[in-house]
Each structure stands twice: as structure tokens, then as C-alpha cells.
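# Notes for the structure review
Okay, here's what each chain looks like letter by letter:
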Amino acid sequence: RGGTTSSKRKRPLEEGNNGHFCKLQLIWKKVSWSVTPKNALVQLHELKPGLQYKMVSQTGPVHAPVFAVAVEVNGLTFEGTGPTKKKAKMRAAELALKSFVQFPNACQAHLAMGNCISPSTDFTSDQADFPDTLFKEFEPSTHSQDFSVYNPVNNELLSTTYRRGRLLCHTLDLVGPAKAGKHRAAKAESEKNPVVLLNELRSGLRYVCLSETVEKQHIKSFVMAVRVDGRTFEGSGRSKKLAKGQAAQAALQALFNIRLPSHIPSRSKCHHLPQDFADSVYQMVAQKFQELTDNFTSMHARHKTLAGIVMTKGLDIRQAQVVVLSSGTKCINGEYINDQGLAVNDCHAEIVARRAFVHFLYSQLELHLSKRREDWERSIFVRLKEGGFRLRENILFHLYVSTSPCGDARLNSPYEITTDLRKYRGHLRTKIESGEGTIPVRCHNAAQTWDGVLLGEQLITMSCTDKIARWNILGLQGALLSSFIEPLYLHSIVVGSLYHTGHLSRVMSHRIEDVGQLPASYRRNQLLLSGVSHAGARQPGKSPGFSVNWVLGSAELEVINATTGKRSCGGPSRLCKHMFFTRWAKLHGKVGLGDKDKSCLLMRLAKLVAQTYQSVKQQLFKAFQKAGLGTWVKKPPEQDQFLLTV
């Protein structure tokens, strides 16, 4: 009797309503076995077998670690984060899969990522769930030919089923992508939107999400990339939409010289260097160091941190040139502090690289003042009519550092949750004498005393992060060279490991946003930031007690004992204050700036010649204090009280 009842109940449903229920059952059976759900790792492996996942970093406190795992797919690196390595790896695979979702027949990739979306959907949307507006994409138009190829049942039935969510995402393979005209209405935006404008100039572009990171407890940062005319452009922001707009804006500016005022970068966005360019900078520095250390066989090839500065014309890597190299992680011991300017106080790689760069600038000025025409034509400087010199047009400088600079940039503060740690976020920090690591500035007295240091007080040196932030306002040239040249700024920083791009941007640039109005030629420099795709392995063991440096034009490396601040033989380094002051005095006589008052041969007074530089420096220090970030601690003034013997 049950069988009879069952058959009697099925037929009215089957034959009623034009047999629609039967057809839907067939559709469901067809797609349910044809699409087997797979996780992102399996799906990505099928699309790209043989991929290598690499552990990038482990950050956060011990009880709540955050792992970062990266994978390279189609020349792009995707980085995922998570509380376990497995989840970070899964997240990296999901991000990589998103680079495929705009290809045809990508339904399986959607399933692996848990998405129920049509391939025609804009995957840069930040919506977590998809309301009825999403399903409207699949509703049939008044013209039946839109779905003529894929229409197994009538359009009205499919439309009703989509709205009720009965077929979930399994019906996506049955529905073709909507026509471009249907999307224009849904994406009605301002004519000045960079994504829309770029699409009009270069249609069919594909945006991919390179990374998704957590900068604070509940705030995410996204990096989107787009390839236009063979070049890759990246953008970042608090949402994928903003990051996509930044990438489009970067392409518009670089390729078409279009800058939209409504999309000027703000404090919520980081600025990223194209990945292929960043990788080239790293490779050039590594290859030069390999060459100078006899294929790393020299005893001085041992290092914990390597830094270098690369000079380019625009972003043309074909004309790039490594101008300085350095290594080191230690500072001078207080007992070896020198009152004649004969010792280098800070032998951290980034700081030595900057001092080596100052050496390079002196050489370029001397080249320009040569009597030989071919010499001054090779100089990077041109003379100004009003006096002094400036950099030639389109010359850029890029700093590579193998690890994130010490100080706040290296801290894992984006993941810290305790109040005690959070209150020092962005705070000025000082290096630990004779050791590695930094501590927040705690003293209110900004000056150290000579006698105090010699009697055993620790010599305080500001962290590399804070010094780079200072360079972003004052420039790389220092006080002495500011008498001759306009400020010179880094165009970008490439970091090999232990970095978080959003956090790095915040401590390098965002801390000094309120520095105020700056004089002409000075600016709040906005660095481009990037990591590298395949960073070299960090050398095991303790940090060596020496620092090496090389400058373009030098035959070999110079080695400095980091404890004494002098060369291994006991002589002064070419990068010490005394050497720079000597070169400055010679240039001062050649250029003829000001009178030849003998008081200028006192180091402290020579620095004061650049009055604008000194004024901006004080403005920066006050901005740090006003922001509650601490007081900049200066070295004992006796260091600059030496006379130059001519």
C-alpha cells in the first residue's frame, strides 16, 4: 500500500507544473556528481602541480603564533597567514586560486575556496556574503538568446531557483557569463574611477590578490596586482577595492601619465614596488657581494645582515648599478668613543650603507668639480644657477636590507595584543650596546654626557628604523653635504625577511605625517616598499664582530671592527666623521660657499652652516615628541668638538 501511495503522490508533482521538478532533479544529479568538492591545496595542485610552499616567517607571541607561508604561481607570489602552518599554507593556496577565478570554467576553484560565485563576478569585492543583488546577475534578460546555449529548462524556472538558493553553486556550470553590457549598469561609478578608466584604455585586464594580512586586531590589508603591457603594478589598501584602485592608478600614472586627484595615496595605504623590480635589486646586491667575497669563500663573507644601495634611471633595471654594499649588526662600545671623529659609532648594515653612500656622494661632487669635461659629465650632479648642486633628473636610489631594520619595524606589533606592548607601538627605540635588539626610549634627557659614557654608562644609539624615518625627512646626505646639495631621498626599500609591509610603511612614513610644513626642497618622503620572492637563507651562528663596506670605484671591501669602530689594523675608516669633514673642507674651498673663516674647521660649527637642515631636524624631533613617541637621544656633544688640521 505504501508503494501505491508513493507512486500516486509522485506523478502529480512530476506531471504537474509542466514537469519542472523532475527536470530540476536531473540537473541536480548531473552537477552533484560532476563537481566533487576539493580543498584549495588539492585544487591548486591539479592546476599547477609541483608548486613549492615556503615558510616566510613566524610572528606573534609564543601562545598565539602567526605563520606566513608563500607560494609562487605564474610568476606571482601569494602569501597566506594563519595560526598554524597548515592553515597558512591553505590560505596561500586560496589566494593563488583567486588568480584563476576570472578564467573560463572556474567553478571548481570557487568550490575549493567555498565560494558560490559566477566566473563573471568581480572577485575584488569585499563582501563576505552575497545578497539578492548577486543572484540578479543570473536572472535572464528579456532576450532569450543570452542563455540559449546553457538553458536546460526555461529561464523563469532557473531565475526562481537561483533566488531561492535551491541549486546553490552547482548550477554555475550551466550558466554562461553575463554580457559586458549587463555589468556596466551594475558598476555605474564615477568617470574618474581608475579601474574603469584603465579598463577603457586596456580592456580585459585581470586583477589578482597577492596577499591578505592582519595589521591590527580586526583590520586587514590587501595587496592587488594587475599586469598591463608586460608590466606588473601593485596596490594596497584596507579593502580589495581600494587596493585594486591603487594598482590601476599606478598603471595609469606610469603608462599614461594620468594622476586622478580623488585617488591620491592616503595614510591608510602602503606603496609597493613592482615585485620583479624588487627581486632584481636583491639579485644585483647579492651577486656583487658574492663577487667581492670570492664566491662567499672569504672570511668576511660571514654576515647576519647585508645591505646595499642600487642606483637606477627611472625604473629601468637594465641601467641599474650597485653603488654601495655593507654588512654588520653591532655598535661601538662606549669605552672606544672618539673625540676626534676617528671611529664609526654604528656598524649596523643599513647605517654603514648610508655612510658609504655619503662617501659616494662626495666622490660624485669631486667628479663634477674636475677640470676634465668627461669627468663632470659622468657625475650624477648638475650645478644650480643660484649656487649649489642637485641630482640629475630621473636618478633613483633603492636600499636593499636582508632583514627588517632593527627597532619598531622588526617588532611583531601588528599581532601583539597585550596593553604593555601596544603602548610602545611606533615608539622611538634605542640599540643595546654590545648586543642585538632594541628597547623603547625611556629617558627624558635627550643628551648623553662624555664623562658618563666613559665612566660606564651605556652609549645610546637610535634604532635603524628611527634613523630611516629621519632620512625620509632630512634626506641621506647629512648636515655637512647639505651645504652643497639639495636633500636626496631613497625611492624604495626592499627587505629580504622578517618584515610586514603594512607595519613597515606605518613606522617609516605614517609616524611623521604630522611633521608640519617643510621648507622648499625638503619633503615627507613616501617610500616604495617590497619584499623579495626568494630570500636567501640566513646564516646560522652568532653575528660576526666586524662590519664590511664597499663603495663604487673601490677595489675591495673595507673591514671595520664593530667594537672599536676602526679598521682591523687600528686606523680610521674611510666612513668616519674625520674623513668626511676633511673632504667637506676641500669642497668648501673649491666651491667658495661663504667666507674662509677658520671657525668652520670646527666640526660642530661646520654642521651649523646648513641652517635649513638644522631647522628641519629640530622640527622632526618636536614632531616625535608631540606624537608621544619619545625623545630623540643625541650623542655626547664632545664628539663634534674637534678641529680639522689643514
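Residues numbered from 1 in each chain as written. Predicted model: local features only at pLDDT ≥ 70, side-chain atom pairs only at ≥ 80, totals over all residues. Heavy atoms only, no water.

For the protein, an unreviewed UniProt entry supplies the name Adenosine deaminase RNA specific B2 (inactive) and the organism Junco hyemalis. As its UniProt record puts it under Subcellular location (unreviewed entry), the protein is described as follows: "Nucleus". (UniProt positions renumbered as here; feature names shortened; annotations may be inferred.)

Take the overall build of the protein next. Assigned secondary structure in the protein consists of 21 helices and 21 strands. Here the contacts in the protein between residues at least 6 apart in sequence split such that 64% fall between residues at least 24 apart. Carbon and sulfur atoms provide 51% of the accessible area of the protein, an area that totals close to 31500 Å². (Helix = DSSP H or I, 4+ residues; strand = E, 2+ residues; numbered from the N terminus. Contact = heavy atoms within 4.5 Å. Areas by Shrake-Rupley, 256 points an atom, 1.4 Å probe, with all protein chains shown as cover.)

Moving on, we come to the side chain of Asp466. Positionally, Asp466 belongs in helix 16 (residues 464-474). On the basis of relative accessible area, Asp466 is assigned to the buried category, the value being 0%. Those residues in contact with Asp466 that lie beyond four places of it in its chain are His427, Leu428, Arg429, Arg511 and Trp632. (Buried < 20%, exposed > 50% of the residue type's maximum accessible area, 1.4 Å probe, protein only.)

Our focus in this paragraph is the pattern of salt bridges. In total, this model carries 15 salt bridges according to the counting rule given. Where Arg372 meets Asp375, a salt bridge forms, and the shortest distance between an N and an O atom there is 3.8 Å. On the accessibility criterion, Arg372 (49% relative accessible area) is partly exposed. Judged by relative accessible area, which is 9%, Asp375 ranks as buried. With a closest N to O distance of 4.0 Å, Arg574 and Glu558 form a salt bridge. Of this pair, Arg574 sits in the loop between strand 21 (566-567) and helix 19 (577-591) while Glu558 sits in strand 20 (residues 558-561); the two residues are 16 residues apart in sequence, bridging distant segments of the chain. In this structure, a network of salt bridges that share partners links the residues Arg372, Glu374, Asp375 and Arg378. (Salt bridge = Lys/Arg side-chain N within 4 Å of Asp/Glu carboxyl O.)

Along strand 19 (residues 546-551), six of the six residues are buried, which leaves the element largely enclosed by surrounding structure. Burial along strand 19 is two-sided: Phe546, Val548 and Trp550 and Ser547, Asn549 and Val551, pointing in opposite directions, are all buried. Pairing between strand 19 and strand 20: four bridges, direction antiparallel. From the neighbouring strand, Ser547 faces strand 20, where its bridge partner is Ile560. Count of turn residues in the strand 19/strand 20 antiparallel hairpin: six residues, of which Gly553 carries a positive phi of about 100°. (Pairing = 2+ DSSP bridges.)

So, on to the pairing of strand 3 (residues 76-82). Most of strand 3 is tucked away: seven of the seven residues are buried. Side chains Leu76, Phe78, Gly80 and Gly82 project from strand 3 onto one buried face, and the interleaved Thr77, Glu79 and Thr81 project onto a second face that is buried too. Following strand 2 (residues 66-73), the chain reverses through two residues before pairing antiparallel with strand 3; Asn74 in that reversal takes a positive phi of roughly 55°.

Now for helix 4 (residues 85-97). Because an α-helix completes one turn every 3.6 residues, residues spaced three or four positions apart along the sequence face the same direction. Over its 13 residues, helix 4 extends 18 Å from the first C-alpha to the last, a length consistent with the 18 Å expected when each residue adds 1.5 Å. Of all the positions in helix 4, only Ala88, Arg91, Ala92, Ala93, Leu95, Ala96 and Leu97 are classed as buried. (Expected span 1.5 Å × (residues − 1).)

Now for helix 16. When you tally the buried positions in helix 16, you get 11 out of 11 residues, the bulk of the element. Count one or two residues on from helix 16 and you reach Gly475, which has phi positive near 95°.

Our focus in this paragraph is the environment of Asp451. Assignment of secondary structure puts Asp451 in helix 15 (residues 450-454). Overall, Asp451 belongs to the exposed group, its relative accessible area being 54%. When the C-alpha atoms of Asp451 and Pro636 are compared, they prove to be 9.0 Å apart, with 185 residues separating the residues in sequence.

Turning our eyes to something else, we now look at the nonpolar core. Generally speaking, nonpolar side chains in soluble globular proteins are found buried as a group. Counting residues in each nonpolar core, the largest one holds 60 residues, and the members touching the most others are Phe357, Phe360 and Phe397. The leading source of residues in this core is helix 12 (residues 349-368), at 11 residues. Residues in contact with Phe357, not counting those within four places in the same chain, are Ile309, Val323, Val324, Phe397, Leu476 and Leu488. In terms of nonpolar packing, the next biggest core, distinct from the first, is built from 31 residues, Leu44, Val71, Leu97 and Leu198 among them. (Core = buried A, V, L, I, M, F, W, Y, C linked by side-chain atoms within 4.5 Å.)

Another point: the sheet that holds strand 16 (residues 461-462). Strands belonging to one sheet form pairs held by backbone hydrogen bonds; the direction of such a pair is parallel or antiparallel. If you trace the three strands from one edge of the open sheet to the other, you get 15-14-16, paired in antiparallel fashion. Strand pairing shows two members of the sheet lacking a second neighbour, strand 15 (438-440) and strand 16, which therefore form its edges. When strand 14 (residues 429-431) meets strand 15, the two strands line up antiparallel, connected through three bridges. In the sheet register, Thr430 faces strand 15, and the bridge partner there is Ile439.

Turning our attention to the confidence of the model for the protein. In this model, the protein carries a mean pLDDT of 76, and residues with pLDDT of at least 70 account for 72%. This model gives residues 26-36 a pLDDT under 50, and the stretch forms 14 contacts once residues within four places in sequence are excluded. (pLDDT = per-residue confidence, 0-100.)

Before going further, it helps to spend a moment on the packing of aromatic side chains. The relative placement of two aromatic rings is captured by the distance of their centres and the angle of their planes. Taken as a whole, this structure holds 10 aromatic pairs when the rule is applied. Sitting above the plane of the Tyr53 ring, Lys89 keeps its charged end 4.9 Å from the centroid. Of note, Lys244 hangs over the ring of Tyr207, and the distance from its end group to the ring centre comes to 4.8 Å. (Phe/Tyr/Trp six-rings, centres within 6.5 Å; stacked < 30°, edge-to-face > 60°. Lys NZ or Arg CZ within 6 Å of the ring centre and 35° of its normal.)

A positive phi is found at Asp229, a non-glycine position, where the angle reads about 50°. Along the chain, Asp229 turns up in the loop between strand 5 (220-228) and strand 6 (231-237).

Packing of helix 3 (residues 40-47) against helix 4 brings their axes to within 8 Å, and their N-to-C directions diverge by 50°. When the axes of helix 3 and helix 4 are compared, the pair comes out oblique. Considering only the axes of helix 3 and helix 4, their crossing is left-handed. Of the residues in helix 4, those in contact with Ala40, Leu41, Gln43, Leu44 and Leu47 of helix 3 are Lys89, Met90, Ala93, Glu94, Ala96 and Leu97. Tallied by class, residues from the contact of helix 3 with helix 4 come to eight nonpolar, one polar and two charged. (Axes fitted to C-alpha atoms, helices over the stretch in contact; angles between N-to-C directions. Parallel < 35°, antiparallel > 145°, perpendicular 65-115°, else oblique. Left-handed = near helix turned anticlockwise from the far one by under 90°. Nonpolar A, V, L, I, M, F, W, Y, C, P; charged D, E, K, R; others polar.)

Bringing the environment of Ala250 into the picture now. With respect to the element layout, Ala250 can be found in helix 10 (residues 240-256). Judged by its relative accessible area of 26%, Ala250 is partly exposed. In this structure, the C-alpha to C-alpha distance between Ala250 and Glu234, residues 16 residues apart in sequence, is 7.3 Å.

Taken N-terminus to C-terminus, the directions of helix 16 and helix 21 (residues 611-626) make an angle of 130°; their axes are 10 Å apart at the nearest point. Looking at the two axes, helix 16 sits oblique to helix 21. Helix 16 and helix 21 meet at a crossing whose hand is right-handed. Of helix 21, the residues touching helix 16 (which contributes Ala469, Arg470, Ile473 and Leu474) are Tyr613, Val616, Lys617, Leu620, Phe621 and Phe624. In terms of residue class, the contact of helix 16 with helix 21 is built from eight nonpolar, no polar and two charged.

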